[in-house]
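Fold and contact review
Below are the chains, spelled out letter by letter.
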Amino acid sequence: MLRKLSVLMWGMAAAVLGGCHASRLASASGEIKNPVMHKNTEESLVPPYVLPDVLLSRTGKKIDNAFDWVHIRRPELLELYKKEMYGYLPPRPATTEYETLSVKEDALNNTAIRKEIKLTFRMNGKKHSFVMLLYIPKNLSAPAPVFVGLNFRGNHTVTPEKDVIMTGKDVDGNFVEKRRSKHINRFHIEETIKRGFASATVSYHDIYPDNKDENSWRKSVYNLFFAGESNEEFHAHASALSAWAWGMSRMLDCLESEKMIDCSNAFVHGLSRLGKAALWAGANDTRFKLVISNESGCCGAALARRDFGETVEIITHYFPHWFVSSFKKYARNEDKLPFDQHCLAALIAPRYLAIGSAQEDLHADPYGEFLSGAHAGAVYKLFGIDTYTVDTPRIVGSHITGAVSYHIRSGVHDQNLDDWMRYWDIAAKIK
Ligand code: GCU
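Residues numbered from 1 in each chain as written. Predicted model: local features only at pLDDT ≥ 70, side-chain atom pairs only at ≥ 80, totals over all residues. Heavy atoms only, no water.

What about unusual backbone geometry?
Phi is mostly negative for residues that are not glycine, and the peptide bonds are mostly trans. Selection rule: For the purposes of this entry, the term helix denotes a DSSP run of H or I that reaches at least four residues, the term strand denotes a run of E that reaches at least two, and both are numbered from the N terminus. Accessibility here uses a 1.4 Å probe with only protein chains present; expressed as a share of the type maximum, an area under 20% marks a residue as buried, one over 50% as exposed, and anything in between as partly exposed.
The omega torsion of the bond from A349 to P350 falls at 0°, within 30 degrees of zero and hence cis. Within the secondary structure, P350 is located in the loop between α13 (341-346) and β10 (352-358). Unlike most non-glycine residues, H188 shows phi in positive territory, near 45°. Position of H188 relative to the elements: it lies in the loop between α6 (184-187) and α7 (189-194). What makes H188 buried here is its relative accessible area of 18%. The phi torsion at E295 lies on the positive side, around 50°, for a residue other than glycine. Along the chain, E295 turns up in the loop between β9 (288-294) and α12 (312-318). A relative accessible area of 0% places E295 in the buried class.

Here it is, written out as C-alpha cells:
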C-alpha cells in the first residue's frame, strides 16, 4: 500500500542521481525510456520489514561460534549470493602473464614510482588483457600497503599525469581522451602516496564492458571460458559484478609479484557500482584486509528489504547484466530474498569493513547502508569483536570507527577527499 504512495518517474531520476549511465543504457536498449517505477525517499513512508537472521543456517541451525560461521554459514551464504544475485566468478585462467609496459621512476614530482602493467589471461585459445596503473611511494623503508580499486572511465582519468596510457573503452569501443585527469578527486593518488600507500587501478570496462546489451559479456573476461554458451545460458550463472570482483583479485595476484608492495595490507575500494564490486570482491577474496564500500547503495551495502531509494526493480531494469538473470524475480519481492545485505557485510568478518555514505545520496539509502553494517555486528561478535549498533548515533561529518566503521558526510554521490580522509585513517591504524 505505502509503496504505491510514492511513485515517481524513475527514469529521469536515475540519470541525475547515479551519474549518466542509467539514462544512456536505458535509451540505448530501445525499451521504454522512462518507465514509472516505485521509489520512496521519505523516511516516514518506509514500511516495517523483517531481516533474515544472519546466524540462522538454511537447515535451521543457530550459528553461535566462529568455527560454525566459517565452516557452515559463511560458505552457505556465499553460495546463495552466487546463485541468486551476483553469479559465479570466472575461473582462474590456464595462464596469466604480466608485461610491464612502462616504468616512471620520478612520478608525481618524484614522490612515486609509476608502473603500467598489462595483465593477459589465456584460455581455450583465447586471450583477454587489461592494463593496471600502479603508483608506489618512493623511499619507503618497507613495502607499501596498497589500495586496489577499479575506475569508471580509464586509468588516464584518475591521475594528474598526462602521459598515462588511455584505457576504459566507452560503449562505442573508443578510448576517451577528453576525460583525461577528470576523476583525480575520486582517487587522490598524490595524497595516498604522501601517506605511504600504493594505489592500483584498472578500468572496469576492460574487465567487463558495462553495457546492458546481452552480448557485451562476449567482450569480457568470461568469453575465455564460456564462448560456446548462448546469452541466456550465460546470464543464468554469471554477471558483470562478478567479473569486476574477479578482476580486483587478479590485480592483487599481480601485486603479489611486486617487491615493493605489502599484500598483507591490501585494501579494496569502490564507489557506487564499483563499491558493490568491492564488497563482492572482499566477500570472495579474504586476502583483502579492508573492504571499502563508498556509497555502494542498492545491492551493495544498503538493505534490500528497507524500501528506500533504489529498488531491485529499478536496478534490474537498468542494469540487468550486473546480476544473474533470475535475480529480477525479487523485484517488488525483496522479502523472498534468502539474505539481506547485512549478510554480505558479514561475509567480510572478521576483517575490516568501512562503509561510507553521503547525506544527499538518497538513491543509495545512507541509513540502509548504516544498518547493514550494524546488523553484520552479530557475526563480528562471534570473533569477539564489538562493532557499532543500530543505536550508535549517526552524525553527519563524524566517524564511527572499529572493525566495521561508518561515516556519512554532507554532499552528493561521489568518492571525495572527505571519504578518503576516513579510509586513510583506518588504513594507517590497521596496517
Ligand atoms: C546508478 C545505479 C546505482 C549505482 C550507480 C553508480 O545510479 O542505479 O545502483 O550504484 O549508478 O554506479 O554510479
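Regarding the site of the ligand
Operational definition: Each residue is tested against the molecule or strand, and it is near if at least one of its non-hydrogen atoms lies within 4 Å. Pairs of N or O atoms are called polar contacts if they sit within 3.5 Å, as long as, within protein, a hydrogen donor faces a hydrogen acceptor (for residues adjacent in sequence, only side-chain-to-side-chain pairs). In this classification, the charged set is Asp, Glu, Lys and Arg, the nonpolar set is Ala, Val, Leu, Ile, Met, Phe, Trp, Tyr, Cys and Pro, and all remaining amino acids, among them Gly, are polar.
Neighbouring the ligand are ten residues, the closest being S272, R273, K276, E310 and H363. Taking S272, its side chain carries an N or O atom lying 2.6 Å from an oxygen atom of the ligand. Within the contact set of the ligand, an oxygen atom lies 2.8 Å away from a side-chain nitrogen or oxygen of K276. Class assignment of the residues belonging to the shell around the ligand gives a composition of three nonpolar, four polar and three charged.

A closer look at the side chain of R114
Short version of the rule: Residues count as neighbours in contact if any of their non-hydrogen atoms are within 4.5 Å of one another.
Its location among the elements puts R114 in strand β4 (residues 112-123). With residues up to four places along the chain from it excluded, the contact list for R114 reads S102, V103, K104, A107, L133, L134, Y135, E161, D163 and V164.

With respect to empty space enclosed by the protein
This is how the line gets drawn: Cavities and pockets were defined on a 1 Å grid built from protein atoms only: a cavity is a group of points that admits a 1.4 Å probe but offers it no way out, a pocket is an open group of points flanked by protein on both sides within 12 Å along at least five of seven lines, and a lining residue is one with an atom within 4 Å of any such point. Grid points are joined across faces, edges and corners, and a volume is the space filled by probe spheres set on the points.
This model, assessed by the stated rule, comprises four cavities of 30 Å³ or more. Here the second largest cavity is characterised by a volume of approximately 80 Å³. Within the residue set of the lining of the second largest cavity, elements represented by two or more residues are β6 (144-151), α6 and β8 (261-271). At three residues, β8 tops the list of elements feeding residues into the lining of the second largest cavity. Grouping the amino acids of the lining of the second largest cavity by side-chain chemistry returns six nonpolar, five polar and one charged.

A short note on the pairing of β8
To keep it simple, the criterion reads: For two strands to count as paired, DSSP must find a minimum of two bridges between them. Handedness of a crossover: with both strands directed away from the viewer, a clockwise path from the first strand across the helix to the second marks it as right-handed.
With ten of its eleven residues buried, β8 lies for the most part within the structure. Strand direction decides the pairing type here: β8 and β9, joined by six bridges, are parallel. The residue bridging G270 from the neighbouring strand is S293, located in β9. Note that the unit made of β8, helix α11 (residues 273-284) and β9 has a crossover that is right-handed.

Focus on the pattern of salt bridges
Selection criterion: Note on definitions: salt bridges are taken to be side-chain nitrogens of Lys or Arg within 4 Å of carboxyl oxygens of Asp or Glu.
Scanning all chains against the criterion turns up 28 salt bridges. Here E84 and K83 are joined by a salt bridge, their closest N and O atoms 3.3 Å apart. Where E161 meets R114, a salt bridge forms, and the shortest distance between an N and an O atom there is 2.8 Å. Here the residue E161 occupies a position in the loop between β6 and α6, and R114 occupies one in strand β4, the gap between them amounting to 47 residues. On the accessibility criterion, E161 (10% relative accessible area) is buried. You can call R114 buried: its relative accessible area is 3%. Beyond isolated ion pairs, a larger network of salt bridges with shared partners links R92, R250, D253, E256, D285 and R287.

Focus on the state of the cysteines
We count it as follows: Note on disulfides: each one is a pair of cysteine sulfur atoms within 2.5 Å.
With the rule as written, the count across this model stands at zero disulfides. Looking at the unpaired C299, the closest cysteine sulfur is the one in C298, lying at 3.8 Å. A disulfide-free cysteine, C343 has its sulfur positioned 13 Å from the sulfur of C299, the nearest such atom. Residue C343 is classed as buried on the basis of its relative accessible area, which comes to 0%.

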